[in-house]
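Summary of the model geometry
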Amino acid sequence: MSQLSRRKLITTTLGAAAGVSGIAVAARSARRIGLTPPEWHGIYGPGDTMTYAAQRLLTRHSMAREFSRDRISKAPFANRTSPPTEEFKRLQAGGFADWRLVIGGMVARPVSLSLADIRSYPSRNQITHLACEEGWSYVAEWIGAPLFHVLDAVGVLPQAKYVVYQSMENGWADSIDMADALHPQTFLAYGMNGGELPVGFGGPLRMRVPRQLGYKSVKFINRLTVTDSIKDLPPGGEYSWYAGI
Ligand SMILES: Nc1nc2c(c(=O)[nH]1)N[C@H]1C(S)=C(S)[C@@H](COP(=O)(O)O)O[C@H]1N2
Ligand SMILES: [Mo]
């Protein structure tokens, strides 16, 4: 069976289980607020749960495509902005020596890590595609610490379900479930195309989630919170929480 028809079958089967009225509710809420994740703001529709569940059943262990070095984009598009805050400018002026990544929430050992600390974790590279929902995309090499190494070191508590990541840029925060947080291609990225991660591309540290759309790869992150619920997070505007590609 093809991937597509398997997906259809699973969605249809889950649809039958959720019932026709559930689908109508899902369609309405999907139109109104965009697809929402399970238990986000308590108004999730079965449709989103189905999409999410079908994706998860099919792709839990799948890998985002990796490219050869000659496919790296020559002029990758970046929004090329840095957070316009005094705090960011001060940290940047100091070469990010005073910058820290604070990790807390449902972890056994909360920590505050410098860039040197993060670089001391096993370093990995991936050449993957960053696709914006607006249509443009580029291929780049990302260098960083797989998030699972860092989570392993801080000791994620058994009841944890999500990792929330916050940017130094006002209003930018997002979250992923544990399946994505522990996925080998989910990186805390501090390098790009052989060098340091430029500020224009989210330096000193960005989340890289290559199995989801570009907006999940939040730039300038400085806080990770491990949690069992994301229903109190601020709404994500027109973006859906799960952006699997
Ligand atoms: N802090 C922050 N992170 C962000 C964004 C942003 O504006 N601010 N844009 C997002 C979107 S919509 C996309 S497509 C990618 C763009 O990544 P790029 O700037 O490397 O091209 O970053 C994501 N992460
Ligand atoms: Mo985007």
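Because the structure is a prediction, the values reported are computed rather than measured.

**Regarding the site of ligand 1**
Residues in contact with ligand 1 amount to 20 residues; listed here are only the nearest, F77, Y138, E169, R206 and K219. Measuring from an oxygen atom of ligand 1, one finds a side-chain N or O atom of Y138 at 2.6 Å. Side-chain polar atom of K219 to an oxygen atom of ligand 1: 2.4 Å apart, as the coordinates give it. Bound to the protein, ligand 1 loses 95% of the 530 Å² it would expose on its own.

**A look at the packing of aromatic side chains**
Applying the stated rule across the entire model yields 7 aromatic pairs. Seen in terms of ring centroids, Y162 and W241 are 5.8 Å apart; in terms of plane orientation they differ by 80 degrees. Their pairing is edge-to-face. One end of the pair, Y162, is in strand β5 (residues 162-167); the other, W241, is in the segment after β10 (221-227), and 79 residues separate them in sequence. Since its relative accessible area comes to 4%, W241 is described here as buried. Ring centres of W241 and Y242 lie 6.4 Å apart, and the angle between their planes is 45 degrees; on these two criteria the pair is classed as tilted. One exposure class covers both W241 and Y242, and it is buried. Among the aromatic residues, those joined into a cluster by ring pairs are F88, F96 and F220.

**Points about the pattern of salt bridges**
Pairing between side chains of opposite charge can happen when their charged atoms approach one another. Considering all chains together, one arrives at 6 salt bridges under this definition. Across the salt bridge formed by D174 and K216, the nearest N and O atoms sit 2.6 Å from each other. Of this pair, D174 sits in strand β6 (residues 173-177) while K216 is found in the loop between β9 (206-208) and β10, placing the two residues 42 residues apart along the sequence. The same class applies to D174 as to K216, namely buried.

**A short note on the pairing of β5**
Taken across its 6 residues, β5 has 5 buried, putting it largely inside the fold. Between β5 and the antiparallel strand that follows it, β6, lie 5 residues; G171 among them carries a positive phi value of about 90 degrees. As judged from the 6 bridges shared by β5 and β10, these two strands associate in the antiparallel manner. Within β10, the position partnered with S167 by the bridge is I221.

Procedures and definitions
Residues numbered from 1 in each chain as written. Chains lettered and ligands numbered in written order. Predicted model: local features only at pLDDT ≥ 70, side-chain atom pairs only at ≥ 80, totals over all residues. Heavy atoms only, no water. Near = heavy atom within 4 Å. Polar contact = N/O pair within 3.5 Å; in protein donor to acceptor, adjacent residues only side chain to side chain. Areas by Shrake-Rupley, 256 points an atom, 1.4 Å probe, with all protein chains shown as cover. Phe/Tyr/Trp six-rings, centres within 6.5 Å; stacked < 30°, edge-to-face > 60°. Helix = DSSP H or I, 4+ residues; strand = E, 2+ residues; numbered from the N terminus. Buried < 20%, exposed > 50% of the residue type's maximum accessible area, 1.4 Å probe, protein only. Salt bridge = Lys/Arg side-chain N within 4 Å of Asp/Glu carboxyl O. Pairing = 2+ DSSP bridges.

Limitation: the analysis is restricted to geometry and does not speak to function.
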